Amino acid sequence: MVDAPRRAATRRNHTATHLLHAALRTTLGTHVKQAGSLVAPERLRFDFTHYAALDKQDLLDIEDLVNERILSNDEVRTEVMEIEAAIASGAMALFDEKYGSEVRVVSLNSFSKELCGGTHVHRTGDIGAFKIISEGSVAAGIRRIEALTGEGVLKISEGSQRDAGATFRGAARQAR
Ligand SMILES: [Zn+2]
């Protein structure tokens, strides 16, 4: 049995990881490099080089940038290129990854361009929505962000709506 919904959720989180990587570099600077990543159906985790904790405003800016790209509904384009041409075109590569002479380049409009052999959504709009749930340190100079996409974001917004509803009903009772 192929678990299609879980595979779709994993694809959403994977493509969102590319958007997050680009958004971090736009917001914090190009010293930001991917130091590790985990893509699961339920969430994504992204480790990156940066020397200070991110403040609330940084996190909001990063979230906004990623959601902007999701709403732009950009096509996810893949092309196979010679490694030298890919690097010359500005595609980001992982420092300690071994690549062959031909590589696959994944582009999300002009916002993100990375060497990647993974499975993606067709358009950024397929991700639905993006929400950062935690940010912290994992080692000296390495930060970690955990985030949700698609259904994961809907679930936490349903939860906060239920809480808001309970507060509202409580207030309404007191007013009577
Ligand atoms: Zn990828």
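Just so it is clear, the structure is predicted and the values come from calculations on it, not from any experiment. All residue numbers refer to position in the chain's written sequence, counted from 1. Given that this is a predicted model, residues contribute local features only at a pLDDT of at least 70 and side-chain atom pairs are listed and counted only at 80 or more, while totals for whole chains, interfaces and linings are drawn from all residues. To get the side-chain values, all heavy atoms of the structure are used, and hydrogens and water are removed first.

Caption draft 1: Up close: the sheet that holds strand β4 (residues 102-108). Strands were regarded as paired on the criterion that DSSP finds at least two bridges between them. We count a stretch as a helix when DSSP gives it H or I for four or more residues in a row; a strand needs E for two or more, and each element gets its number in order from the N terminus. The 3 strands lie next to each other as β3-β4-β5, forming an open sheet whose pairing is antiparallel. The open sheet is flanked by β3 (76-82) and β5 (112-115), the only strands paired with a single partner. Between one strand axis and the next, the sheet turns through 25 degrees on average, direction left out of account. Axis angles are defined between N-to-C directions and span 0 to 180 degrees, where every axis is a line fitted to C-alpha atoms and, for a helix, only to the segment in contact.

Caption draft 2: Local environment of helix α1 (residues 4-28). For α1, built from 25 residues, the straight-helix expectation of 36 Å at 1.5 Å per residue is met to within 8% by its first-to-last C-alpha distance of 36 Å. Where α1 ends, the next residue or the one after it, Gly29, has phi of about 130 degrees, a positive value. The span expected for a helix works out to 1.5 Å for each residue beyond the first.

Caption draft 3: Fine view of the pairing of strand β2 (residues 44-49). Strand direction decides the pairing type here: strand β1 (residues 34-39) and β2, joined by 5 bridges, are antiparallel. Within β2, the position partnered with Gly36 by the bridge is Asp47. Of the strand pairs in this sheet, β2 and strand β7 (residues 142-149) are connected by 6 bridges, and their pairing is antiparallel. Residue pairing across strands places Phe48 opposite Arg143, the latter belonging to β7.

Caption draft 4: Structural context of the packing of α1 against helix α2 (residues 56-72). Contact geometry of α1 with α2 gives a least axis separation of 9 Å together with a crossing angle of 130 degrees. With respect to each other, α1 and α2 are oriented oblique. In this structure, α1 crosses over α2, and the sense of that crossing is right-handed. Here α1 contributes Leu19, Leu20, Ala23, Leu24, Thr26, Thr27 and Leu28 to the contact with α2, which in turn contributes Asp58, Asp61, Ile62, Leu65, Val66, Arg69 and Ile70. Amino acid classes used here: Ala, Val, Leu, Ile, Met, Phe, Trp, Tyr, Cys and Pro are nonpolar; Asp, Glu, Lys and Arg are charged; the rest, including Gly, are polar. When the residues that make up the contact of α1 with α2 are grouped by side-chain class, the tally is 9 nonpolar, 2 polar and 3 charged. By the definition adopted for this analysis, an angle is roughly parallel if under 35 degrees, roughly antiparallel if over 145, roughly perpendicular if from 65 to 115, and oblique otherwise. A clockwise turn of the near helix away from the far one marks a right-handed crossing, whereas an anticlockwise turn of less than a right angle marks a left-handed crossing. Any two residues whose heavy atoms approach within 4.5 Å at even a single point are treated as in contact.

Caption draft 5: Summary view of the coordination of the zinc ion. Each metal site lists N, O and S donors within 2.8 Å (3.2 Å for Na, K and Ca). With water left out of the atoms, a site can look as if it is missing ligands. In this structure, His14 (NE2), His18 (NE2) and Cys116 (SG) serve as the protein donors to the zinc ion, at separations of 2.0 to 2.2 Å. Along the chain, the residues donating to the zinc ion are arranged with the sequence spacing H-x3-H-x97-C. One end of the pair, His14, and the other, His18, are both in helix α1, 4 residues apart, so they sit about a helical turn from each other. The cut-offs for exposure are 20% and 50% of the maximum accessible area for each residue type, with area from a 1.4 Å probe on protein chains only; residues under the lower value are buried, those over the upper are exposed, and the others partly exposed. Classification of His18 as buried rests on a relative accessible area of 3%.

Caption draft 6: A look at the sheet that holds β7. Strands sit in the order β1-β2-β7-β6 across an open sheet of 4 strands; the sheet is antiparallel. Looking at which strands have only one partner, the edges of the open sheet turn out to be β1 and β6 (130-139). Here the average twist between neighbouring strands, direction ignored, is 15 degrees. Most of the contacts of α1 go to β2, to which it runs at about 25 degrees, and overall it touches β1, β2, β6 and β7. Across the face of the sheet, α2 comes into contact with β6 and β7 while running at roughly 135 degrees to β6.

Caption draft 7: How the structure looks around α2. For α2, with 17 residues, the first-to-last C-alpha span of 24 Å sits near the 24 Å given by 1.5 Å per residue. Those residues of α2 that sit buried are Asp58, Leu59, Ile62, Glu63, Leu65, Val66, Arg69 and Ile70. Down the axis, α2 shows its buried residues gathered within 160 degrees of arc, on one side only. Residues of α2 that are exposed and point over 90 degrees away from its buried face: Lys56 and Leu71. Here a polar contact is taken to be a pair of N or O atoms separated by no more than 3.5 Å, where protein atoms must pair a possible hydrogen donor with a possible acceptor and residues adjacent in sequence count only if both atoms sit in side chains. Capping the start of α2 is the job of one residue whose side-chain oxygen sits 3.1 Å from the backbone nitrogen of Gln57: Asp55. Taking the helix axis as origin, the arc is that swept by the directions to the C-beta atoms.

Caption draft 8: Spotlight on the packing of aromatic side chains. Under the pairing criterion, centres of Phe, Tyr and Trp rings, with the six-membered ring standing for Trp, must be within 6.5 Å; the plane angle then separates stacked pairs below 30 degrees from edge-to-face pairs above 60, leaving the rest tilted. Taken as a whole, this structure holds 1 aromatic pair when the rule is applied. Ring geometry for Phe46 against Phe48: centres 6.2 Å apart, planes inclined by 20 degrees, an arrangement best described as stacked. Phe48 matches Phe46 in its accessibility class, with the two residues each being buried.

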